[in-house]
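# Structural characterization, general
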Protein chains: 2
Amino acid sequence: MADIQRMAEAIRFLALDAILNAGEGHQGVPLGMAEIAATLYARHLRADPADPLWPDRDRVVLSNGHGSMLLYTLLHLSGYAHMPLQALRDFRRLGSVCAGHPEIEQAAGIEITTGLLGQGIACAVGMAVAEARLADRFPGLVDHRTWAFVGDGCLQEGVGQEAISLAGHLRLGKLTFLWDDNAITDDGATDLSVSEDIPARFVAAGWHVQAVDGHDIAQIDAAMTAAKADPRPSLIACRTVIARGIPRLQGQRGGHSAPLTAQDAAEARAARGWTHPPFEVPQEVLADWRALQNRGGAERAEWAARHATHPERAEFDRWQAGLLPEGWEAPLSDLPQGTPQPTIAASADACAALDRTLPELMVLCADLEAPTDHKRHRRAFSAENRGGSYVHCGVREHLMGAMCCGIAAHGGLRSVNVTYLAFADYERPAMRMAALMGLPVLFVFSHDSIGIGSNGPTHQPVEALAAYRSMPNMQVMRPADAVETHEAWALAMPHRSGPVMLALSRQAALPVRAPAQSPLSAPGGYVLQDPGARDVTLIATGTEVGLAMEASRQLAGQGLRAAVVSLPCWERFETLTETERAAILGSAPRIAIEAALRFGWDRWLRPGDAFIGMEGFGASARAEVLYRHFGITAERITETATALMAAQGGGRRV
Amino acid sequence: MADIQRMAEAIRFLALDAILNAGEGHQGVPLGMAEIAATLYARHLRADPADPLWPDRDRVVLSNGHGSMLLYTLLHLSGYAHMPLQALRDFRRLGSVCAGHPEIEQAAGIEITTGLLGQGIACAVGMAVAEARLADRFPGLVDHRTWAFVGDGCLQEGVGQEAISLAGHLRLGKLTFLWDDNAITDDGATDLSVSEDIPARFVAAGWHVQAVDGHDIAQIDAAMTAAKADPRPSLIACRTVIARGIPRLQGQRGGHSAPLTAQDAAEARAARGWTHPPFEVPQEVLADWRALQNRGGAERAEWAARHATHPERAEFDRWQAGLLPEGWEAPLSDLPQGTPQPTIAASADACAALDRTLPELMVLCADLEAPTDHKRHRRAFSAENRGGSYVHCGVREHLMGAMCCGIAAHGGLRSVNVTYLAFADYERPAMRMAALMGLPVLFVFSHDSIGIGSNGPTHQPVEALAAYRSMPNMQVMRPADAVETHEAWALAMPHRSGPVMLALSRQAALPVRAPAQSPLSAPGGYVLQDPGARDVTLIATGTEVGLAMEASRQLAGQGLRAAVVSLPCWERFETLTETERAAILGSAPRIAIEAALRFGWDRWLRPGDAFIGMEGFGASARAEVLYRHFGITAERITETATALMAAQGGGRRV
């Protein structure tokens, strides 16, 4: 039998040594949760450190990510090759896999980036959803659990509360939260800001709840066994002492992250009876840790045998690899494109059509089924039906975004997030995580401008395009019409190094062009209307491209040659060479048109060029009234173009 | 006795008529909550429609803001002069006070902008906190309640959950939620996405919970009476039928906002026995409604009598008016400024010092007391101590931001929101509400760049400055040192037409200049280092101004004249004339330096100018290592300047 207590001490002292060595870090979690973690790894976890990417492994999420040393020591002690002792010695140094907070590195066993509180448990809900749907689709190949280490902060955050609520509703029985109930946050005692009965809160949401002494291995072990047997998601409330083992800090506010001293390390060694030098773990303790490899290796071998002969093996492997099947985009070519329609409707067509070739899509929507229409024939994923490919997330946008990250990080499914653009800010932290982790999540946002009409300024994005264009590794696409919307889907699906966001219209968009053999949107911008020599270049995105086209016709009536450039994706356009961009944007005077703020547009404008768009928040009135009120019309473009050319001496032709 | 049922029918039919007249709207709430609202106004509300700005009025928040017609009919029927019948007829038309969602207009009785779900109840928590503190400070002048109409969506949103948790903890006994428990959301039955025991969830958080038939006036009345008597915040769960009264839609998903027809109106009139033409309310029903004026008028007269002789009257009036007292900024002049220090520390100094002259400050912080240090001698506002000026919000940033809005909208206190810049996105929707409403909230954000060091990219803002600069009516200030930080406070306090956000450093900032008689930061940008004729202009913000100053010294050593422009606030700088800006920015080659992304900087740069900053997310290492790694150093600035001048033919002097 493994000596789990000694295994726990190994966590405790490796973490302490690494934090002391780094000069800073958060000892509270690894020292306080050592027994919980050791028990999980020794007795319950399904994982094989020799194959960190084994699809049927349990997923472990350190939602209290500041306690990163807990995860690193676990991975090192269990024998993950990419987590050598040197990595622990390099904790918090540039390039080390042991970053201050866990940064996704699945080859090293780090399943997901965490650290912003609440994100981890919300992602864990997504992972558990992914497991349930994949288990339904591929019985025999998918049967694993999701375990999350959870701090008080995660449970205070709204996104964490959303996670509790929906996980209970969906009855995600393979999800277990291990709550580090240490009664201390950064400010001091939790009762400075929390007095709620947290177990009762979980019970209200339909969870299975147990409370244990978080340093009593037998209690922890029994609770984990019971959690696995219960059909509900489980909370194990583990009463712990923060920074347990350091006499000066344990149970204190300073236990969280106060700087450690060599004396702390010495006193802790004395207190816990740990006689080994820094960074040293005795062989017999290491051997207990490495037992996971034996158990996990055997489980993986069984799985591999089933997998080898599974009739759905090829399809399973394709889903896992995120590969698109031959001809996957064919359904996009049959969709209606020729008449005015909202671009959100064109997106809904694409989403529905792609179900034929991409059954791995998993569509999440935050209580806007009717106006976004991305459900259609899809069945709801629910407690009763795990085969559904549509999740009614309720009015919980933040959770939805994080679940999409969790689904993407889990692998096997392609997550699509659907709501209004005005609500994107509710899930912005999760979108940033998708961008930071480089996860292929598709964020579909409808109602992208004042074009929503009279619901008013709360629901009218004016700064959202700028705010998301400013986010690294986020591709923002604002297609002009149905053709460009279908191109956006065609471009988004193969893009796997980060998220893509579509900004789509509620109001009908005029068709601006015919479909092309290969997507004209691919470079992010292109000349849609080319008059040869140019008097002026109109640059627009989304529904305003139709206005630019109309203005170009008006200008042609005056004998003026206006090129129209559609610029649906700035991030793609940035990847062109300066020469390529210059060829598209031209050297004639430029007018940019977008029903949003100018912020960011100076990237594409020169002194003397013009911008037509919003100058502040919107208002409540019908869309066409608002467009006129704010001066975003073809007539205004035409007037601005003639004024610009007059100011520049009749226009220079290029 | 008032006929409250008939009062409710008046709501029902005015709302129905207005929505039908507008061609769109959300009838579910006004028709479903008519009895609840009528009972509140007839029996319990403390308000005088003749003086909508009476400081001691009850605050009413329509958190389910899509049901805006409920609020408009209430205000019209109670006799608010700025809510005439014509406004209801103009529902959803440009310029009408009856916007699609309520937009703050306190003279008309609209206390706060709502519509993004969850914001309203979170603001309501702030209002209740403001009331409690003001009641403690000004006994006899402040004793009112906060009532919030609440939909299912508000309770699903994370920010709503945070509100429940903290309101219970703070024991805000004068706060009552009227929950429209209609079991319907936009997607259909709430059980598509909710199966939690919502009353039990409130009980777990320490609330007083009652359940009533939301169409039974006696039950509602009794519950409101009990709520007022209980020391805990109260939830009244009102079981309702959505869109009650329209036979085709009541109790159905379509009840939420399906388009109404003339036949619906006729059938509803028949079903409810309402025989009056559209927009007509019989005199006797109106008389019942106007009874509020009598009750409220009498209450206000009593209050006015107390106020007239209150010893603290002048101070109370000053707080209410948001006026700064003579000499309020004097304490800022004594603060340490001459040595390197984090700008967050300089802000903490300012916040502490201003307590002497601005006791109306109310500082909220999300579990980061130690690293932001904005508490110091302030006492905590708590269930036991209502006099505290510091709220431990727990790890609930979104709630904190919305509470700051609620406090500001309530009036009487000046709210200050403190956390890290990386967590700003958690509260971005609330920040947008502050900007949209034009509320004077000060958002203080520390840890504003890679300068935080090894906590890594999750905690390192790189796009936040751009994302908040893009928000209308949000002033983003990134001061260079302690002097500029104190100037930022000095400029922020008198700015009452919108929020101000400070982006402050964890790491020490080098002092870049001496204090000035009047704040040099006032125009948003100024020449900090003026060499007369210029070879190059270095434009920087925050901690990078110190780097620019160092580079200018290095360049001077090479005989090159570098001007340094500090640009702490772009929004202020935008208000200068183009000539004024040109005089500051100069015509020499420009290099912008900011430890953030370039996005947005092209506003101040011309083709050929340079930018030194971040190109993507950060990394985990010590701050000085990261600055070198990402090439944000004085040496790099110097090299870039010389290269730029070489490229431009030895530099043009201006």
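Keep in mind that this is a model prediction, so the values were computed, not measured.

## Quick notes on unusual backbone geometry
- The phi dihedral of Asn473 of chain A is positive, around 65 degrees, even though this residue is not glycine.
- Locating Asn473 of chain A in the fold gives a position in the loop between α18 (464-469) and β13 (475-477).

## A word on the pattern of salt bridges
All names here are of chain A.
- Across all of its chains, the model carries 88 salt bridges over all chains by this definition.
- The salt bridge involving Glu594 is made with Arg469; its shortest N-O contact spans 2.7 Å. Taken as a pair, Glu594 in strand β19 (residues 590-597) and Arg469 in helix α18 lie far apart in primary sequence, 125 residues in all.
- Given the relative accessible area of 7%, Arg469 is considered buried.

## Here we look at the packing of helix α3 (residues 34-44) of chain A against helix α10 (residues 217-229) of chain A
Residues and elements named next belong to chain A.
- Running from N to C, α3 and α10 cross one another at 55 degrees; their axes reach a closest spacing of 9 Å. For the element pair α3 / α10, the angle class is oblique. Considering how the two elements wind past one another, α3 and α10 form a crossing that is right-handed. Here Glu35, Ile36, Thr39, Leu40, Arg43 and His44 of α3 lie close against α10, whose contacting residues are Ile217, Ile220, Asp221, Met224, Thr225 and Lys228.
- Here the contact of α3 with α10 is composed, by residue class, of five nonpolar, three polar and four charged.

## What about the sheet that holds strand β3 (residues 175-181) of chain A?
All names here are of chain A.
- One open sheet accounts for five strands, arranged β1-β2-β3-β7-β6; its pairing is parallel. Both edges of this open sheet fall to β1 (59-62) and β6 (208-213), since each of them pairs with a single strand only. Each strand of the sheet is rotated relative to its neighbour by a mean of 15 degrees, with strand direction disregarded.
- With four bridges joining them, β1 and strand β2 (residues 146-150) adopt parallel strand pairing. Bridge pairing links Val61 to Ala148 in β2.

## As for the nonpolar core
- If you look at the biggest cluster of nonpolar residues, it comprises 306 residues, and the most contacted ones within it are Trp489 and Leu538 of chain A together with Trp489 and Leu538 of chain B.
- Not counting the four nearest positions on each side in its chain, Leu538 of chain B is found in contact with Ala548, Ala551, Ser552, Ala562, Ala563, Val564, Val565, Ile591, Ile593 and Ile637 of chain B.

## What about the sheet that holds strand β18 (residues 562-566) of chain A?
Residue and element names in this part refer to chain A.
- On the basis of which strands lie adjacent, the open sheet formed by five strands has the order β16-β18-β17-β19-β20 and mixed pairing. Every other strand in the sheet has two partners, leaving β16 (526-529) and β20 (610-614) as the edge strands with one partner each. Within the sheet, the average angular offset between the axes of one strand and its neighbour, ignoring direction, is 30 degrees.
- Summarising the sheet, β16 and β18 pair through three bridges and their orientation is antiparallel. Residue pairing in the sheet places Tyr526 in a bridge with Ser566 of β18.
- Relative to β19, helix α24 (residues 634-647) is tilted by about 145 degrees, and along the sheet it contacts β17 (536-540), β19 and β20.

## Observations regarding the UniProt feature "domain: Transketolase-like pyrimidine-binding" (unreviewed entry) in chain A
- Those residues carrying the UniProt feature "domain: Transketolase-like pyrimidine-binding" (unreviewed entry) are residues 341-512 of chain A in this numbering.
- Between the C-alpha atoms that bound residues 341-512 of chain A the distance is 12 Å, and the span itself is 33% helix and 18% strand.

## Section: the relation of the copies chain B and chain A
- Overlaying chain B with chain A gives an RMSD of 0.0 Å, the required rotation being 180 degrees about an axis along which the chain moves by 0.0 Å. Both chain copies can therefore be described as sitting about a two-fold axis. Taking C-alpha positions as reference, the residue of chain B nearest the rotation axis is Gly158 of chain B, located at 1.8 Å.
- Both copies present the same face, since 100% of the interface residues in chain B are matched by interface residues at the equivalent positions in chain A.

## Here we look at the interface of chain B and chain A
- With 92 residues of chain B at the interface, the matching set in chain A holds 92 residues.
- Contact between chain B and chain A buries roughly 7,700 Å² in total, counting both sides, with carbon and sulfur atoms accounting for 55%.
- The largest per-residue losses of area from chain B upon contact with chain A belong to Tyr426, Arg432 and Phe599 of chain B, which jointly make up 10% of the total buried on that side.
- Where chain B packs against chain A, one counts ten salt bridges.
- The salt bridge involving Glu369 of chain B is made with Arg253 of chain A; its shortest N-O contact spans 3.6 Å.
- Here chain B is connected to chain A by 64 residue pairs in polar contact (both at pLDDT 80 or more).
- Across the side of chain B that touches chain A, the residue classes break down as 36 nonpolar, 30 polar and 26 charged.

## A short note on the confidence of the model for chain A
- Confidence along chain A averages 97 in pLDDT terms, with 99% of residues attaining 70 or more.
- Interface confidence for the predicted complex, expressed as ipTM, amounts to 0.97; the pTM equals 0.98.

## Thoughts on the side chain of His447 of chain A
Residue and element names in this part refer to chain A.
- Looking at the element boundaries, His447 is found in the loop between β12 (442-446) and α18.
- What makes His447 buried here is its relative accessible area of 6%.
- At 3.4 Å, the side chain of His447 and the side chain of Tyr420 are in polar contact.
- Sequence-distant contacts of His447, defined by excluding residues within four places in its chain, comprise Pro371, Tyr420, Leu421, Ile452, His459, Pro461, Leu504, Ser505 and Arg506.

## Some words on the domain arrangement of chain A
Residue and element names in this part refer to chain A.
- In terms of domains, chain A is made up of domain 1 (4-302), domain 2 (330-509) and domain 3 (526-647).
- Relative to domain 2, the C-alpha centre of domain 1 lies at a distance of 33 Å.
- Taken together, the contact pairs 32 residues of domain 1 with 34 residues of domain 2.
- Of the roughly 2,600 Å² buried at the junction of domain 1 and domain 2 (both faces included), carbon and sulfur atoms supply 68%.
- When the buried surface of domain 1 facing domain 2 is broken down by residue, Arg133, Glu162 and Leu166 rank first, second and third, together holding 25% of it.
- At the junction of domain 1 and domain 2, the tally comes to zero salt bridges.
- The interface formed by domain 1 and domain 2 holds ten residue pairs in polar contact (both at pLDDT 80 or more) in total.
- Elements with a minimum of two residues in the side of domain 1 that touches domain 2: α6 (119-137) and α8 (158-170).
- Sort the elements by how many residues they give to the side of domain 1 that touches domain 2 and α6 lands first, with 13 residues.
- Residue composition of the side of domain 1 that touches domain 2, by class: 16 nonpolar, eight polar and eight charged.

## Quick notes on helix α17 (residues 428-437) of chain A
Residue and element names in this part refer to chain A.
- Along α17, ten of the ten residues are buried, which leaves the element largely enclosed by surrounding structure.
- All buried positions along α17 are accounted for by Arg428, Pro429, Ala430, Met431, Arg432, Met433, Ala434, Ala435, Leu436 and Met437.
- Just past α17, the residue Gly438 takes up positive phi, approximately 70 degrees.

## What to know about the side chain of Thr185 of chain B
- Mapped onto the elements, Thr185 of chain B comes out in strand β4 (residues 184-185).
- Once you skip the residues sitting within four places of it in the chain, Thr185 of chain B turns out to touch Asp367 of chain A together with Asp152, Gln156, Thr190 and Arg253 of chain B.

## A short note on the packing of aromatic side chains
- This structure, assessed with the given rule, holds 35 aromatic pairs over all chains.
- Relative to Trp604 of chain B, the ring of Trp570 of chain B has its centre 5.8 Å away and its plane inclined at 90 degrees; by these criteria the two rings are edge-to-face. One end of the pair, Trp570 of chain B, is in helix α21 (residues 570-574); the other, Trp604 of chain B, is in the loop between β19 (590-593) and β20 (610-612), with 34 residues separating them in the sequence. Across the pair, exposure class does not vary: Trp570 of chain B and Trp604 of chain B are buried alike.
- Each member of the aromatic cluster is reached from another via a ring pair, and the members are Trp570, Phe573, Phe599, Trp601, Trp604 and Phe611 of chain A together with Trp570, Phe573, Phe599, Trp601, Trp604 and Phe611 of chain B.
- The aromatic ring of Phe138 of chain A is capped on one face by Arg137 of chain A, whose charged end is 4.5 Å from the ring centroid.
- Above the ring of Tyr468 of chain B, the side-chain terminus of Arg428 of chain B is found at 4.7 Å from the ring centroid.

How each quantity is defined
- Residues numbered from 1 in each chain as written.
- Chains lettered and ligands numbered in written order.
- Predicted model: local features only at pLDDT ≥ 70, side-chain atom pairs only at ≥ 80, totals over all residues.
- Heavy atoms only, no water.
- Helix = DSSP H or I, 4+ residues; strand = E, 2+ residues; numbered from the N terminus.
- Salt bridge = Lys/Arg side-chain N within 4 Å of Asp/Glu carboxyl O.
- Buried < 20%, exposed > 50% of the residue type's maximum accessible area, 1.4 Å probe, protein only.
- Axes fitted to C-alpha atoms, helices over the stretch in contact; angles between N-to-C directions.
- Parallel < 35°, antiparallel > 145°, perpendicular 65-115°, else oblique.
- Left-handed = near helix turned anticlockwise from the far one by under 90°.
- Contact = heavy atoms within 4.5 Å.
- Nonpolar A, V, L, I, M, F, W, Y, C, P; charged D, E, K, R; others polar.
- Pairing = 2+ DSSP bridges.
- Core = buried A, V, L, I, M, F, W, Y, C linked by side-chain atoms within 4.5 Å.
- UniProt positions renumbered as here; feature names shortened; annotations may be inferred.
- Least-squares fit on C-alpha atoms with pLDDT ≥ 70 in both.
- Buried area = accessible area lost by both parts, 1.4 Å probe.
- Polar contact = N/O pair within 3.5 Å; in protein donor to acceptor, adjacent residues only side chain to side chain.
- pLDDT = per-residue confidence, 0-100.
- Domains from an automatic or database assignment.
- Phe/Tyr/Trp six-rings, centres within 6.5 Å; stacked < 30°, edge-to-face > 60°.
- Lys NZ or Arg CZ within 6 Å of the ring centre and 35° of its normal.

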